[in-house]
Amino acid sequence: MTTLVIVESPNKVRSIAGYLGDGFVVDSSVGHIRDLPDTKRNPVPAKYKGEPWVRLGVDIEDNFKPYYFVSTDKKQQMTKLKKLLAGADELILATDEDREGEAIAWHLFDELKPKVPVKRIVFNEITKGAILAAMESPRDIDMDLVDAQETRRILDRIYGFEVSPVLWRKIGQGTSAGRVQSVALRLVVERERARMAFRSASYWDLTATLATSEQGGGFEAALVSVDGQKLATGKSFDDTGALAAKNVVALDQARAEALAAAATGQPVTVSSVEAKPYTRNPVPPFRTTTMQQDASRKWGWSAARTMQVAQRLYEGGFITYMRTDSITLSQTALKAAGQTVRDLYGAEYHREQQYSGKVKNAQEAHEAIRPAGETFRNPDETGLSGDEAKLYRRIWKRTVASQMMPAKGETVSARFALTTTSGEQLEFTASGTTITFKGWLKAYSEATEIVEDAEEDEKSATLPALTEGQSLDLAGIAAEGHDTKPPARYTEATLIAELEKREIGRPSTYAAIMSTLLNRGYVWKKGTALVPAWIAFNIVRLLEAHFSRLVDYGFTAELEQVLDDIANGREDRIPVLESFWTGEGPGNTGLKRLLENLPDIDARAMATFPVGEDPDTGHAINVRVGKYGPYLEGPPLLPGEGGEVVPTRANIPEEMPPDEMTLEKAKELLANPAGQDKVLGTHPETGLELVAKNGRFGPYVTEVLPEDAPKSARPRTASLFKTMTLDGIGIDDAVKLLTLPRVVGTDVDGAEITAQNGRYGPYLKKGTDSRSLESEDQLLTLTEEEARAIYAQPKTYGRRAAAAPLKELGADPVSGKNIVVKDGRFGLYVTDGETNASLRKADSLETLTPERAHELLAERRARGPVKRTAKKTAAKKTAAKKAAAKKTAAKKTAAKKTAAKKTAAKKTTAKKA
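Heads up: these notes are all about the structure in this document. Numbering of residues begins from 1 in every chain and follows the order in which that chain's sequence is written. Totals for whole chains, interfaces and linings use every residue, but because this is a predicted model, local features are given only for residues with pLDDT of at least 70 and side-chain atom pairs only at 80 or more, for both listing and counting. Side-chain metrics rest on all non-hydrogen atoms present in the structure, leaving aside hydrogens and water.

1. Points about the overall build of the protein chain
Argument step 1. Strands here are runs of E lasting at least two residues and helices are runs of H or I lasting at least four, both read from the DSSP assignment and numbered beginning at the N terminus. A tally of helices and strands in the protein chain yields 25 helices and 34 strands.
Argument step 2. The burial tally for the protein chain puts 45% of its 913 residues in the buried class.
Argument step 3. Note that accessible areas follow from Shrake-Rupley with a 1.4 Å probe, and for residues the cover is restricted to the protein chains shown. When the accessible surface of the protein chain is totalled, it reaches about 47000 Å², and 50% of it is carbon and sulfur. Here the term buried applies to any residue with accessible area under 20% of the maximum for its type, exposed to any over 50%, and partly exposed to those in between, with areas from a 1.4 Å probe on protein chains only.

Rendered as C-alpha cells:
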C-alpha cells in the first residue's frame, strides 16, 4: 500500500519522509496551488474572457462565487502531484494548521479529485513524535476554516480591485488600497500629523545628591514638590505645549537655578521611609506578534525577516508552528520546560504555569511558539548559527523563563524635606529595589532580555539604610532643563502591537502588510522608525474623505470578529459579503453605494498640503504631491510667456520627514531649489561668473565657463563648509573656497605643503604624508609656521587623543551603557562604547534625541559585525587559485609539447625504417 502525503513547503519533505519510512511518498504543494485570477501570475483562460466576473474573479451576482485557477508557476507541480496520486492507495493532506493551510488542503482536494480515501492531519512541530501522533488522529477538512479564509480573500479582492482604481485615477498608477494595509497606513500618517502639530514645552527640575555620614558616594533624589505643590513633568503638558495638568508648578530656568542656589548647604531630613515587598512575575512564552516585536527591539529586525528565520527553524524541526495567537503550552512542553529548569537552576526555581491570552479568538494554532520536541535542546547543542541561533536562543529562554518562580525582593521609597534659605519647602523622593531571589530573571540574565517594565527596573537603585527623621548631607544639587518630546513614530514592532491592540489583522498577515507599505514607497525607515511619504498623506486623505467606513478602526476590527465567527461556525459567509458590498441600516454605507455615489474628486485639492503663508509676500506655500514626487509650490516669481503667474517650485529632499517641513525650511528650499543656480557674482581674477548650487552630494560653488571654452576645460568646484549655508554664502566666500586645495608653504626639507578638504575632513598633505586638521576653517587660515609645527609632531596614524563627547544621550536600552555623540574620521556618530552608528544626512547634533540614537544603534547592530578580512581572504584565495591554475596550465602545455616531440620522433623513425 502506498500513501501520498502532501505538505505545503518543500523544505519539510525530507524530514517528514524520514519519519514515516517505507510505504509513504511525501511531496509539497509549494504553498497555494491556485487562486483568484490576475493578469500576471494567474491569467483567466481564453474561454472565460467574456464573462462578467472576469475582472474580479468573483461573481457578485451569483452569491459571490469565486473562480479559482491553478497558477501558471504551479501547473508543473500539479501535474506531478496528479501522477503521484494515480499510483497511490491513500491521500493524506498535511498542510499547516491555520486557515491558510486548511484552505490549501481543500484546494488540493478540489483540484486533484482523488478517488482514494483522503485524510487530513495537522501537527504543531516537525518531530518524529508529532508526525506519528498526527497520523494516529486524522480528521476531515474543516470547512468552517476554509469558508473564513475564502471570505477574507473575497473581501480583500473586492476592496482592492474596486478602491484601487479610484486611487489610480486621482493620485497615480501603482497606488493601491487594502483592507488592513490602508488602516495600518492611516495609523502611521496620523502619528506623523500629531508630530507636525506638536509644539514643544520646556520645564526644569532639580536633582539632589544625598549622602549619609556613613556612606561615601551618595545617591540621587528628584524634586517632586515646591511648597506642597506638585512639580510639573513632561506628562503635565499637552501636544500644543500648554500646561494641561492642574495644581502643578512648572519651573523655568531662572527659578530652578534660584532654588538650587538657595538649597545649597541646607540640611536634608528623611521625612518618610516605606518598604514594600517586590514581586515580578515571568513573561509568557512567545506568540507571533510578541516574537516580531521582541526581535525588532533587540536586533532591529523587520517582521518579514523574523518570520523567515522562524519559518526555517520550524521546517528544521527546532520550534513549533510560528503563526499563532496563543500563549498556552501543551503538557509535553510544560514537562520539558520544567525538566530544563530543574536541571539548569534547581527545583526551587521551577513553577509550572499555564498562560491564557488576551487576544480574542486565539485558536488558529493552539500552542505558543516554543522549542520543539519532548525535551528542549540547549541552544549551544543545536548546531545552529547566525540568525537561526539567535532567534532559537531567544525562544528557548522565553519558554524556560515562563515556567520559573517570580523574582522576589524589596522596594524602598523615601521622601526627603529641605527648607531653602528663602523659605521654600522642597520635597525630594528616591526609590530602590533589592532583589533577594532572582527567580525567572536567572534565565533572563540581561536587562534587555526583559521586555515588559525593563525601563522602570533600570531606573531603580539600591538605597542605604534610612530612618524617618534622619539627617543627611546635601553633597550637591543641580538644575536641569527638559523639552517635551513629540509622539514617537511607529516602528514595525510598535505598529504591529497597535494593530493587535485594536484587534485588526492576524499574525499571518502582519509581515506582509509591513513589506507592502515599504515596498510601495508609502513609508520609509529612519533607523527603525516608519516615516510616511507625502503620497501616503494623499492616499489617506482621499480614503478618509470618500471611503471613511473602510479605514475606520472599529469597522475593520468588527470585520475581523465576523471572520472569526465564520471560522467557528457561528456565521455564514454570504450575509457577511452582502453586508460589506451593499451595506445595511440607515447609512447604506456598503462599498457598492459608496462607489455609485462617489463625487467628482478634486485631485489637486487632495494632493495639496498647506505649509504656511510667506510673511514677505502674503502668498501661501504648499506641498504638492505630483506625478514625479512631492514638491513645494510657493509665491510667484516671474510671469510666464502668456503673462500668467508662474509659482516658484522646489523639489523636496527624499530624506526629509514630513514633520520637518516648516515654513522656514520651505522658504529655504524655494530660495535654493536643487539644480537651480544662485548667482554670486564675478570672480575678481578670472572674470568668470560664480554660482552656488544644491547638488546631489550637498551645496557647492562652481565657475560658469564661457560658451567658447574648449571641451577639455573643467570648471573649478568646491563644497561648502559644514558651517556654511546657501542663503548665507557670498562672492568672497566662494572665491576663498575655490582656492582649495591651497599651497600653505614648504616644510624645512623643502617639500610643498597643501591644505585640502577630503572625504574624511580637512587635512594637510606633503608628498604621501597626510595630517588631519581640527576644523575646515584652518584650510583658509593656517600659516606655514603652523603647518611646519604640525609636521614636526610624530604621526599618530589617526589615534589622536580622544576628544570629549559632543553630547550625552543617556543609557542605551540594549547594552545599558551611556550613549554619547562623537566627531570621528567619517563625521558625527553615536556610540555606547560597543557599537558605533553614523548619523544620517537628516540628523543633526542639535536635534538628535535619545530615541533616534537608539534607532541608529539598533539598525547598526542588525547589520552584524563588519567583516574586514573577508575580502582580503577571498582575494588571497582567488590569487592562489589563479597561481595554481597557471601552474597546472603550464604543466599541461609542457606535457603536450613533450608528447608532440615524442610523436614526431616516432614518425621520423618510422619514415627511416
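2. Notes on the sheet that holds strand 32 (residues 818–824)
Argument step 1. Ordered in space as 31-32-33-34, the four strands form an open sheet in which the pairing is antiparallel. Bordering the open sheet on either side are strand 31 (807–811) and strand 34 (836–838), each of which pairs with just one other strand. On average, each strand axis in the sheet is inclined to that of its neighbour by 30°, with strand direction left out of account.
Argument step 2. Of the pairings in the sheet, the one linking strand 32 to strand 33 (residues 827–831) comprises five bridges and is antiparallel in character. Within the sheet, the bridge partner assigned to Gly-824 lies in strand 33 and is Gly-827. Any two strands with at least two DSSP bridges between them are considered paired. Axis lines are fitted through C-alpha atoms, for helices just across the contact stretch, and the angle between N-to-C directions can take any value from 0 to 180 degrees.

3. Observations regarding the sheet that holds strand 27 (residues 742–746)
Argument step 1. The four strands are arranged 27-28-29-30 in an open sheet whose pairing can be described as antiparallel. The strands lining the two open edges of the sheet, one partner per strand, are strand 27 and strand 30 (769–772). Here the strands of the sheet are splayed against their neighbours by 30° on average, with no regard to which way each runs.
Argument step 2. Where strand 28 (residues 752–758) meets strand 29 (residues 761–766), five bridges bridge the pair, whose relative direction is antiparallel. Paired with Thr-754 across the two strands is Lys-765, which belongs to strand 29.

4. Observations regarding the packing of helix 8 (residues 288–299) against helix 14 (residues 507–519)
Argument step 1. Where helix 8 meets helix 14, the closest approach of the two axes is 8 Å, and the angle between their N-to-C directions is 35°. Two secondary-structure elements touch here, helix 8 through Thr-288, Thr-289 and Gln-292 and helix 14 through Pro-507, Tyr-510 and Ala-511.
Argument step 2. The residue makeup of the contact of helix 8 with helix 14, split by class, is three nonpolar, three polar and no charged. Throughout, a contact is declared for two residues whenever any of their heavy atoms are within 4.5 Å. The classification used treats Ala, Val, Leu, Ile, Met, Phe, Trp, Tyr, Cys and Pro as nonpolar, Asp, Glu, Lys and Arg as charged, and all other residues, Gly among them, as polar.

5. Concerning the packing of aromatic side chains
Argument step 1. Between 30 and 60 degrees the pair is tilted, below 30 it is stacked and above 60 it is edge-to-face, where a pair is any two Phe, Tyr or Trp rings, Trp via its six-membered ring, whose centres lie within 6.5 Å. For the structure shown, the criterion picks out 16 aromatic pairs.
Argument step 2. Ring centres of Trp-53 and Phe-69 lie 6.4 Å apart, and the angle between their planes is 20°; on these two criteria the pair is classed as stacked. Residue Trp-53 is found in the loop between strand 3 (34–35) and strand 4 (58–59), and its partner Phe-69 is found in strand 6 (residues 69–70); the two are separated by 16 residues along the sequence.
Argument step 3. Aromatic pair Trp-534 and Phe-537: ring centres 5.1 Å apart, planes at 40°, arrangement tilted. Residue Trp-534 and its partner Phe-537 are both found in helix 15 (residues 534–546); the two are separated by three residues, about one turn of the helix.
Argument step 4. Trp-534 gets classed as buried once you look at its relative accessible area, which sits at 7%.
Argument step 5. Classification of Phe-537 as buried rests on a relative accessible area of 3%.
Argument step 6. An aromatic cluster is defined as three or more aromatic residues linked by ring pairs; in this entry it consists of Tyr-48, Trp-53, Tyr-67 and Phe-69.
Argument step 7. Two conditions define a charge located above a ring, namely a distance within 6 Å from the ring centre to NZ of Lys or CZ of Arg, and an angle within 35 degrees of the ring normal. The ring of Tyr-490 is capped by Arg-191, whose NZ or CZ atom sits 4.1 Å from the centre of that ring.

6. As for the pairing of strand 15 (residues 425–437)
Argument step 1. In the sheet, strand 10 (residues 219–226) pairs with strand 15 via four bridges, with the strands oriented antiparallel. Counterpart to Ala-222 in the pairing with strand 15 is Thr-429.
Argument step 2. Sheet topology note: the strand 14 (residues 407–419)/strand 15 ladder contains 12 bridges and is antiparallel. Each bridged residue has a counterpart across the sheet, and for Glu-410 the counterpart in strand 15 is Thr-434.
Argument step 3. Once strand 14 ends, the chain turns through five residues before running back antiparallel as strand 15, passing Gly-423 with a positive phi of about 95°.

7. Looking at the pattern of salt bridges
Argument step 1. The rule for a salt bridge is simple: a side-chain nitrogen of Lys or Arg has to be within 4 Å of a carboxyl oxygen of Asp or Glu. Tallying each qualifying case throughout the model produces 46 salt bridges.
Argument step 2. Arg-55 is paired through a salt bridge with Glu-162; the nearest N and O atoms lie 2.8 Å apart. Remark: Glu-162 occurs in helix 5 (residues 143–170) and Arg-55 occurs in the loop between strand 3 and strand 4; sequence separation between them is 107 residues.
Argument step 3. We classify Glu-162 as buried; its relative accessible area is 13%.
Argument step 4. Note that Asp-294 and Arg-394 form a salt bridge whose closest N and O atoms lie 2.4 Å from each other. With Asp-294 in helix 8 and Arg-394 in helix 11 (residues 386–401), the pair connects residues that are 100 residues apart, well separated along the chain. Each member of the pair, Asp-294 together with Arg-394, is buried.
Argument step 5. A cluster of three or more residues bridged by salt bridges with shared partners is formed by Arg-152, Asp-156, Arg-179 and Glu-560.

8. Some details on the pairing of strand 30
Here is the key point about a regular strand: its side chains alternate between the two faces of the sheet.
Argument step 1. Only one face of strand 30 is buried: it carries Asp-769 and Arg-771, and the other face, with Ser-770 and Ser-772, is open.
Argument step 2. Here strand 29 runs beside strand 30; their pairing, made up of four bridges, is antiparallel. Paired with Lys-766 across the bridge in strand 30 is Asp-769.
Argument step 3. Following strand 29, the chain reverses through two residues before pairing antiparallel with strand 30; Gly-767 in that reversal takes a positive phi of roughly 65°.

9. Looking at the packing of helix 5 against helix 16 (residues 553–567)
Each packed pair of helices is defined by two parameters, the angle between the axes and the distance between the axes.
Argument step 1. Two elements in contact, helix 5 and helix 16, have axes whose closest approach is 7 Å; the angle formed by their N-to-C orientations is 150°. One element, helix 5, and the other, helix 16, form an angle in the roughly antiparallel class. Of the residues in helix 16, those touching helix 5 at Asp-144, Leu-145, Asp-147, Ala-148, Thr-151, Arg-152 and Leu-155 are Leu-559, Glu-560, Leu-563, Ile-566 and Ala-567.
Argument step 2. Classifying every residue of the contact of helix 5 with helix 16 gives seven nonpolar, one polar and four charged. Note that the term roughly parallel is reserved for angles under 35 degrees, roughly antiparallel for angles over 145, roughly perpendicular for angles of 65 to 115, and oblique for everything else.

10. Side note on the side chain of Glu-703
Argument step 1. Within the secondary structure layout, Glu-703 lies in strand 25 (residues 698–704).
Argument step 2. Classification of Glu-703 as buried rests on a relative accessible area of 8%.
Argument step 3. Sequence-distant contacts of Glu-703, defined by excluding residues within four places in its chain, comprise Thr-686, Leu-688, Glu-689, Leu-690, Pro-715, Arg-716 and Leu-738.

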